[in-house]
Number of protein chains: 2
Amino acid sequence: MKTAITPTRAENFSEWYQNLITAADLAENAPVRGCMTVKPYGWAIWELMRAEMDRRIKATGVQNANFPLLIPIDFFNREAQHVAGFAKEAAVVTHYRLKMIDGNLQPDSESKLTDPYIIRPTSETIIGDAMSRWVQSYRDLPMKLNQWVNVMRWEMRPRMFLRTSEFNWQEGHNAFATHAEANADARRMHKLYADYMRDVLAIPVIMGEKTPEERFAGADHTYTTEQIMQDGKALQAGTSHDLGQHFSKSFGIQYLGTDGQLHHAWTTSWGTSTRMMGGLFMTHSDDDGLILPPAVAPHQVVIIPIARDGNEDALNEYAEKIASKLRAADIRVLADTSDMRGADKMWKWIKRGVPLRVEIGGREMDASQVTVTRRDLGKSSKQTLDLDVFVADVRSMLDSMQHDMYNAAAARNETMIHNIDALADLRAALDAGQIGFFRLKYEQTLSPEFEGLMDEFKISRRCLDDADPTYVFVAKSY
Amino acid sequence: MKTAITPTRAENFSEWYQNLITAADLAENAPVRGCMTVKPYGWAIWELMRAEMDRRIKATGVQNANFPLLIPIDFFNREAQHVAGFAKEAAVVTHYRLKMIDGNLQPDSESKLTDPYIIRPTSETIIGDAMSRWVQSYRDLPMKLNQWVNVMRWEMRPRMFLRTSEFNWQEGHNAFATHAEANADARRMHKLYADYMRDVLAIPVIMGEKTPEERFAGADHTYTTEQIMQDGKALQAGTSHDLGQHFSKSFGIQYLGTDGQLHHAWTTSWGTSTRMMGGLFMTHSDDDGLILPPAVAPHQVVIIPIARDGNEDALNEYAEKIASKLRAADIRVLADTSDMRGADKMWKWIKRGVPLRVEIGGREMDASQVTVTRRDLGKSSKQTLDLDVFVADVRSMLDSMQHDMYNAAAARNETMIHNIDALADLRAALDAGQIGFFRLKYEQTLSPEFEGLMDEFKISRRCLDDADPTYVFVAKSY
C-alpha cells in the first residue's frame, strides 16, 4: 500500500520522522549550526501548547517575568556542577561590533569584551542573582517565577524539535523557606507536566526520579517525565528539579526568618520545551503523516469541497456556511476553498494531522449533509451526517478522539515495558532487537557489566520506578 | 505637596522616569551590559499588550513563525545599507565552548568558529533567506510572517524600556508580487500600529513617513508612529518599512508569475517592541506613579480592605465577595488581603497605576457599598456606590477612563506642536526652552544652519507631515 510518508516507520523510523516534519510543513533546518526554523503550521501548534501550559502554571501562583539572554561567565562559574554540565555546549559572545576589514566583515578587535558572556543554556544563575535582591524576608516567600524564552546549547548531533542548538521553552524558578516546601513544589510541577501531557498531548508518561548519574547539573533531585516513542525509545520531555540550597548558597538568596535570623532559601526549577513537540509527533503520527490531538490542533476541522461540473462557487459557499456554524461553537475550523484539486487538499490535511476532515460534494450540499473522517481511524470512521447533527456532535467527536488517542498510546506503552531479572536477559533482549523500556533493579545498573551494555547498545537509565524506587527503567533514548 | 515619586516630572523628568520604574516594580537594570530584567508586574503589562497586538496582526492574515536567534555574518553582509546600519552594535558569537584554564573559565580556543554569528538585531536577512525557498510561484504570495522574539543591539546609553541592548518585539515580514501591494501593506501595518496605540494604549500618535536621512537601513520608505512624551520629547514607537526589492534581490526571493517569467518579490517589514512600554509609562504617569489604561492593566480593579478593631476577617471576606462578582463580569481584579497596612496598600497600588481602587471599611461592608477612586482623576473622583451599582457600572467606568486618558493626552499634544516659519524662530524657541514638536518645511532642514541646530540642541527630523509632506516635524527624542 502506498503511504504519504516514505520510508514508513517500520522501514526507517528516523528517516520517516524527518520526512514527516517536511510533509506536515512543521519546520526546516536553518542555515545556522544545529538550529531549526519553525514554520507557521508548527508554530501554531506550539502557541496552543504554550497557552495551555502557561494557564496551568499560572494557576499554581507562578508569575511570568523576563531575564536577560546573556549570562556573565562569572555567574555561570559559581556553581561547580552547573559549569561542568553546560560549559561544553555554551555559545560565547566575545565582541560587540563588526568591522569591514579588507572587504571582510568580522568582529572588531577593539570591541572585544573583557568579560565575555554566554547565551543562556538555562537561567538558574541569573535568576538566582535576581532572587538574591528580591527575597529579603520570609514574607517574600514562596517566590514563584517563570519565563518563556529561547535558550542555546551547542548541539553536535541536531535533530529537529528533539535536539536543536537553540530551542524555546518555559523555565520556572521557585524559592521557598523550607526544604519540605521546595521538594513538594518540585513534585507538584512534575505532576503538572505529567497531567498536561496526558490531558493535552494525549501522551502517557512514566514519572520517576532520575538516578544520581542522570540528575540535572546542580540538583539534589531531578524528577522526569519519560515518554515512549513508537520505536520504543525514550524521550525525556519535562523535568523538575529540587535544587536544595546549591543556588541559594552560590547566589546568596537569603531571607530573614520569623526567628530574626538569616536563612538560605530552598529553590526549584522546572522546564518543558519545543522538544515536547517531537514527542507529540513521534507518539501519534502514522505512515500518512501527523495525527494531532484536537487540544493542540490549529485546525480541529478542515472542510474540503470536492467540486465537479462547475459547482465550485456554490460548494465554497456551503463550506463557509459550515465553517461559520462551527466557529460559533468555538471549534477551530478552516474551509479550504483554495484552488487545489480536492484530492490534493485531502492529502495535504491528512499529512498535517487535522483531527476531523469534512468532505463535501454536490450530494452533501443538496442534502445539507457532511461526510466526516477521523484522522486517527481513517476510512473506517467515514460517515455522512446531517449538518445539524454534526454541528451538535462535533465537540464530543473531538473529545472522543482525544481520549482514544491517549488510550491507544497507553496500550502500546504497556507492550513496551519489560521486566528483567538478570543482566544476561537484558543482553539477550537487546541482542534480539527487542524495543522499549527495561525495568530492573537499580543496583544491577551499578555494575561494570551494565556499563558495558550502556556503551554497546546506547541504552541509559531513564528514571527510578515511582512505585518501587529500587527499580530503574532503562532504554535507548532521543 | 508630597508626591510618591521624587523628583517630580517638573523637577527632573529623566530621574522621575527611573524612579517611576522602580516604584511601580516594573523592571530593574540587569547585571548584563545595557540589559534589563522585566519584573512580573511589568511583564504582565507586556503580556496584555502583546496578546492584543498579536490578535490584530493575525486578523490581517499574518502567521507567526520562529526563526533562529543567530545570523551568519555572510547573510548580514549581503545588503550594504543594512550592514552600515547595524554592524556597529552587533553582539558577536565566536566560540561554542568554555574551558577552565588556570582556574579561569574562558572561551575554548579550539571551539573558535570559522564563521562567527551575530545575535539578530532584526531578521530581514534570515527571513529573506527562508522566503527564497518558501516563495516559488505567484500562488505563494502574499506571504505574511511575524515573530515575537528577543533581539540585540549593543547599547552604550541604555535606558529601561526605551533603549536596552536586548529587547523583546514582534517583527513582521511580508512579501508581495507588486510594489503597489507591498507599499499598501507597509501603510496598512503603519495604520494598525497607530490604531492600536490609540485604542489600547490611549496614546495619540503623529503618523508620517521618515525623511530619507532617517529611514531604516535598507528601506525605500519608512513609516513611523511618533509619540509625544510629557516632556515634549519624541518617542518612535512603531515603524513599518517598504523594503522595495532590496532584500528580495540580496536573497533571491523570486516567484514565477502568471506570465511564466521569474520576478523578484517586493517585501515589507514592521515592528513594535517593549519600547512602547516606555512610551506608555511616560505618556500617562504622574508624580504619584504609573497610570495604566484599563486595556493593559494587569489588575483593572484592586480592592483594599481598610481594617479596624479586628474586623480583618470579615472585611477580607467582603473583599473576596466583591472580587468574585467582578471576575464573573470579566474584570481583572485583585483583592489585596495581604497583611500590609491599608494606607500602604493604597500607595502601592497608586504607584502601580491600577485604574480603579476600591476601598472598603466597616461602613462600606455594613451598607453593601464600595468607595471607588479613579487613578487618573484621584480624590476628586472618589465616590461611594452600592455594590450592585458598581458591579453593573464598572465596565463603563473603565471604558470612560480609557477614553478620557486618550483625550487628555491628545489635548496635551496639541499644545506641544509648534509651527515654525524661519530657522531663526526655531533657534529662538529652543533657546527659550520651548518643548515639543516643531513643524517646518522639510527643505529648510537640508541647510547647514539646520545641521547646526541639530547638533546644538540634539533635535532630529521625526517624520514628514502626512497632511502635507513638504513639511517635517522636528523634536528632541528618546
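What you see is a predicted model, and the numbers here were worked out from it, not measured in a lab.

Caption draft 1: Geometry of the overall build of chain A. In terms of helices and strands, chain A carries 14 helices and 25 strands. A globule of 478 residues ought to have a C-alpha radius of gyration of about 23 Å, and chain A, at 25 Å, matches this closely. By its C-alpha atoms, chain A is 80 × 60 × 60 Å across when sized along the principal axes. Sequence separation of at least 24 residues holds for 67% of the intrachain contacts in chain A that already meet a minimum separation of 6. Summing over all exposed atoms, chain A offers an accessible surface of approximately 18,800 Å²; the carbon and sulfur share of this is 47%. Computed over 55 positive and 65 negative side-chain charges, the inter-centroid distance for chain A is 1 Å.

Caption draft 2: Representation of the relation of the copies chain B and chain A in the model. With an RMSD of 0.0 Å, the operation that places chain B on chain A is a rotation of 180 degrees combined with a shift of 0.0 Å along the axis. Look at the turn and shift together and you get a two-fold axis relating the two. Every residue of chain B has its C-alpha some distance from the rotation axis, and the shortest such distance is that of Val93 of chain B, at 2.1 Å. Taken together, the interface assignments show that 100% of the residues at the interface of chain B recur at the interface of chain A, consistent with an identical surface on both copies.

Caption draft 3: Structural context of the pairing of strand 10 (residues 166–176) of chain B. All names here are of chain B. Taking burial as the measure, the 11 residues of strand 10 include 11 buried ones, the bulk of the element. What you see with strand 10 is no split at all: Glu166, Asn168, Gln170, Gly172, Asn174 and Phe176 on one side and Phe167, Trp169, Glu171, His173 and Ala175 on the other are buried throughout. As paired strands, strand 10 and strand 16 (residues 266–273) are joined by 8 bridges and run antiparallel to one another. The partner of Asn174 across the bridge, within strand 16, is Thr268.

Caption draft 4: How the structure looks around the interface of chain B and chain A. In this complex, chain B contributes 63 residues to the contact, which on the side of chain A involves 63 residues. Carbon and sulfur atoms make up 63% of the surface buried where chain B meets chain A, a total of about 5,100 Å² over both sides. Together, Asn66, Tyr96 and Leu98 of chain B form the three largest contributors to the area buried by chain B at its contact with chain A, with a combined 13%. The interface formed by chain B and chain A includes 6 salt bridges. Two residues, Arg139 of chain B and Asp339 of chain A, come together in a salt bridge whose shortest N-O distance is 3.3 Å. For the pair chain B and chain A, the number of links is 30 residue pairs in polar contact (both at pLDDT 80 or more). Of the strand pairs in this sheet, strand 5 (residues 92–95) of chain A and strand 5 (residues 92–95) of chain B are connected by 3 bridges, and their pairing is antiparallel.

Caption draft 5: The arrangement of the nonpolar core in detail. By size, the foremost hydrophobic cluster in this structure holds 93 residues, and its most contacted members are Leu70 and Ile119 of chain A together with Leu70 and Ile119 of chain B. With residues up to four places along the chain from it excluded, the contact list for Ile119 of chain B reads Leu69, Leu70, Val93 and Ile119 of chain A together with Leu69, Leu70, Ala91, Val93 and Met152 of chain B.

Caption draft 6: Examining the sheet that holds strand 24 (residues 459–465) of chain B more closely. Residue and element names in this part refer to chain B. Taken in spatial order, the 4 strands of this open sheet run 22-23-25-24, and their pairing is mixed. Among the strands making up the open sheet, the edge pair consists of strand 22 (417–419) and strand 24. Across the sheet, the axes of successive neighbouring strands diverge by a mean angle of 30 degrees, strand direction being ignored. Here strand 23 (residues 437–441) runs beside strand 25 (residues 468–476); their pairing, made up of 4 bridges, is antiparallel.

Caption draft 7: Just the environment of Gln300 of chain A, in detail. All names here are of chain A. Within the element layout of this structure, Gln300 appears in the loop between helix 8 (275–284) and strand 17 (301–305). Judged by its relative accessible area of 5%, Gln300 falls in the buried class. Apart from residues no more than four positions distant in its own chain, Gln300 is found in contact with Pro294, Asp330, Ile331, Arg332, Val354, Pro355, Leu356, Arg395 and Leu398. A distance of 3.1 Å separates a polar side-chain atom of Gln300 from the backbone oxygen of Pro294.

Caption draft 8: Seen up close, unusual backbone geometry. With an omega dihedral of -5 degrees, the bond running from Thr6 of chain A to Pro7 of chain A counts as a cis peptide bond. Note that Pro7 of chain A resides in the segment before helix 1 (13–23). Following Leu141 of chain A, the chain continues into Pro142 of chain A via a peptide bond in cis, with omega recorded as -5 degrees. Here Pro142 of chain A shows up in the loop between helix 5 (124–134) and strand 9 (143–152). For Ala202 of chain B, which is not glycine, the phi torsion reads 60 degrees and is therefore positive. Tracing the sequence through the fold places Ala202 of chain B in the loop between helix 6 (179–199) and strand 11 (205–209).

Caption draft 9: Highlighting the packing of helix 2 (residues 40–58) of chain A against helix 6 (residues 179–199) of chain A. All names here are of chain A. Interhelical geometry of helix 2 versus helix 6 gives an angle of 140 degrees and a closest axis separation of 11 Å. Read as a crossing pair, helix 2 and helix 6 show a hand that is right-handed. In contact with Met49, Arg50, Glu52, Met53, Arg56 and Ile57 of helix 2, helix 6 contributes Met189, Leu192, Tyr193, Asp195, Tyr196 and Asp199. Split into classes, the residues belonging to the contact of helix 2 with helix 6 amount to 7 nonpolar, no polar and 5 charged.

Caption draft 10: Structural view of the pattern of salt bridges. The tally for this structure, following the rule as stated, stands at 56 salt bridges over all chains. Here Glu52 of chain B makes a salt bridge to Arg56 of chain B, at a shortest N to O gap of 2.7 Å. Taken together, the residues span about one helical turn, with Glu52 of chain B and Arg56 of chain B both in helix 2 (residues 40–58) at a distance of 4 residues. In this structure Arg56 of chain B comes out as buried when scored by relative accessible area, which is 19%. The closest approach of N and O atoms between Asp74 of chain B and Arg78 of chain B, which form a salt bridge, is 3.4 Å. The exposure class assigned to Asp74 of chain B is partly exposed, which follows from its relative accessible area of 48%. Through salt bridges with shared partners, a single network forms among Glu52, Arg55, Arg56, Lys191, Asp195, Arg198 and Asp199 of chain A.

Caption draft 11: Local environment of the sheet that holds strand 23 (residues 437–441) of chain A. Residues and elements named next belong to chain A. Strand order in this open sheet of 4 strands is 22-23-25-24, and the pairing throughout is mixed. Strands with a single pairing partner mark the edges of an open sheet, and in this sheet they are strand 22 (417–419) and strand 24 (459–465). Averaged over all adjacent pairs, the angle separating strand axes in this sheet is 30 degrees, with direction ignored. Taken strand by strand, helix 13 (residues 423–431) contacts strand 23 and strand 24, and its axis lies near 170 degrees from that of strand 23.

Caption draft 12: Inspection of the side chain of Thr37 of chain B at higher detail. Structurally, Thr37 of chain B is set in strand 2 (residues 36–38). Since its relative accessible area comes to 2%, Thr37 of chain B is described here as buried. Those residues in contact with Thr37 of chain B that lie beyond four places of it in its chain are Asn66, Phe67, Pro68 and Trp134 of chain A together with Leu26, Ala27, Glu28 and Ala30 of chain B.

Caption draft 13: Structural view of the pairing of strand 9 of chain A. Residues and elements named next belong to chain A. Of all 10 residues that make up strand 9, 10 are buried, and the element is covered over most of its length. Side chains Met143, Leu145, Gln147, Val149 and Val151 project from strand 9 onto one buried face, and the interleaved Lys144, Asn146, Trp148, Asn150 and Met152 project onto a second face that is buried too. Both strand 3 (residues 63–64) and strand 9 contribute to a ladder of 2 bridges, which runs parallel. Each bridged residue has a counterpart across the sheet, and for Gln63 the counterpart in strand 9 is Leu145. As paired elements, strand 9 and strand 10 (residues 166–176) share 10 bridges and run antiparallel to each other.

Calculation notes
Residues numbered from 1 in each chain as written. Chains lettered and ligands numbered in written order. Predicted model: local features only at pLDDT ≥ 70, side-chain atom pairs only at ≥ 80, totals over all residues. Heavy atoms only, no water. Helix = DSSP H or I, 4+ residues; strand = E, 2+ residues; numbered from the N terminus. Rg over C-alpha atoms; globule rule 2.2 N^0.38 Å. Contact = heavy atoms within 4.5 Å. Areas by Shrake-Rupley, 256 points an atom, 1.4 Å probe, with all protein chains shown as cover. Lys, Arg positive; Asp, Glu negative; His and termini not counted. Charge placed at Lys NZ, Arg CZ, Asp CG, Glu CD. Least-squares fit on C-alpha atoms with pLDDT ≥ 70 in both. Buried < 20%, exposed > 50% of the residue type's maximum accessible area, 1.4 Å probe, protein only. Pairing = 2+ DSSP bridges. Buried area = accessible area lost by both parts, 1.4 Å probe. Salt bridge = Lys/Arg side-chain N within 4 Å of Asp/Glu carboxyl O. Polar contact = N/O pair within 3.5 Å; in protein donor to acceptor, adjacent residues only side chain to side chain. Core = buried A, V, L, I, M, F, W, Y, C linked by side-chain atoms within 4.5 Å. Axes fitted to C-alpha atoms, helices over the stretch in contact; angles between N-to-C directions. Left-handed = near helix turned anticlockwise from the far one by under 90°. Nonpolar A, V, L, I, M, F, W, Y, C, P; charged D, E, K, R; others polar.

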